[in-house]
Amino acid sequence: MAVQRTFSIIKPDATRRNLTGKINALLEAGGLRIVAQKRIWMTKGQAEAFYGVHKERPFFGSLVAFMTSGPVVVQVLEGEDAVAKNREIMGATNPANAAEGTIRKTFAESIEANSAHGSDSIENAAIEIAYFFSGLEIVG
């Protein structure tokens, strides 16, 4: 397997509860390195553009409202098979279906406030990373 980069967001529900360090510890223990990271407060426009693929879905408005309700931590993770590894560490979108010890099983408040976002493919990881980071901000 090759070393990959993937994109991760620690969502407002988790930053509000000061869980950034605990979540990052799980990511690092799982074999991923944080090669770029910043805390931001997404604007409505940023969130609408980032989640634009869901624009026609009924949850789009509440997703945008949630993601702009507080600061988030956006980050680039690197490691062997990083996309799949990050998704494994995060757990299922619905925390009720997530495996024990995963980020979402451990920290999520609901399906929407599930503490973490992660890219679902190498292609989307590249798009999502470029949305928030310049190449100069990523330090491998």
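Residues numbered from 1 in each chain as written. Predicted model: local features only at pLDDT ≥ 70, side-chain atom pairs only at ≥ 80, totals over all residues. Heavy atoms only, no water.

1. With respect to the pattern of salt bridges
A full pass over the atoms with the stated rule returns seven salt bridges. A salt bridge links Glu-78 to Arg-5; the nearest nitrogen and oxygen atoms lie 2.9 Å apart. Within this pair, whereas Glu-78 is found in strand β3 (residues 72-80), its partner Arg-5 is found in strand β1 (residues 3-10), the two being separated by 73 residues in sequence. Judged by its relative accessible area of 35%, Arg-5 falls in the partly exposed class. Across the pair Arg-17 and Glu-109 runs a salt bridge whose closest N-O atoms are separated by 3.4 Å. Of the two residues, Arg-17 is situated in the loop between α1 (12-16) and α2 (20-29) and Glu-109 in the loop between α6 (103-107) and β4 (116-118); the sequence distance between them amounts to 92 residues. Classification of Arg-17 as partly exposed rests on a relative accessible area of 30%. (Salt bridge = Lys/Arg side-chain N within 4 Å of Asp/Glu carboxyl O. Helix = DSSP H or I, 4+ residues; strand = E, 2+ residues; numbered from the N terminus. Buried < 20%, exposed > 50% of the residue type's maximum accessible area, 1.4 Å probe, protein only.)

2. Quick notes on the pairing of β1
It is a general feature of regular strands that their side chains alternate between the two faces of the sheet. The buried fraction of β1 amounts to six of the eight residues, a majority that puts the element mostly inside the structure. The pairing of β1 with β4 spans three bridges and is classified as antiparallel. Residue pairing for β4: Ile-9 is matched across the bridge by His-117. (Pairing = 2+ DSSP bridges.)

3. A short note on the sheet that holds β3
Ordered by their spatial adjacency, four strands build an open sheet running β2-β3-β1-β4, and the pairing between neighbours is antiparallel. Unpaired on one side and paired on the other, β2 (33-40) and β4 mark the two borders of the sheet. In this sheet, adjacent strand axes meet at a mean angle of 20 degrees when their direction is disregarded. Where helix α7 (residues 122-132) meets the sheet, its contacts fall on β1, β2, β3 and β4, and the angle it forms with β1 comes to roughly 55 degrees. (Axes fitted to C-alpha atoms, helices over the stretch in contact; angles between N-to-C directions. Contact = heavy atoms within 4.5 Å.)

4. A word on the nonpolar core
Judged by nonpolar contacts, the single largest core of 22 residues is most densely connected at Phe-7, Ile-9, Met-42, Met-67, Val-74, Phe-132 and Phe-133. Per-element tally for this core: the top contributor is helix α4 (residues 60-67), with five residues. With 14 residues, the next largest nonpolar core counts Ile-23, Leu-32, Ala-82 and Phe-107 among its residues. (Core = buried A, V, L, I, M, F, W, Y, C linked by side-chain atoms within 4.5 Å.)

5. Topic: the environment of Ala-25
Position of Ala-25 among the secondary structure elements: in helix α2. For the pair Ala-25 and Phe-107, spaced 82 residues apart in sequence, the C-alpha separation works out to 13 Å.

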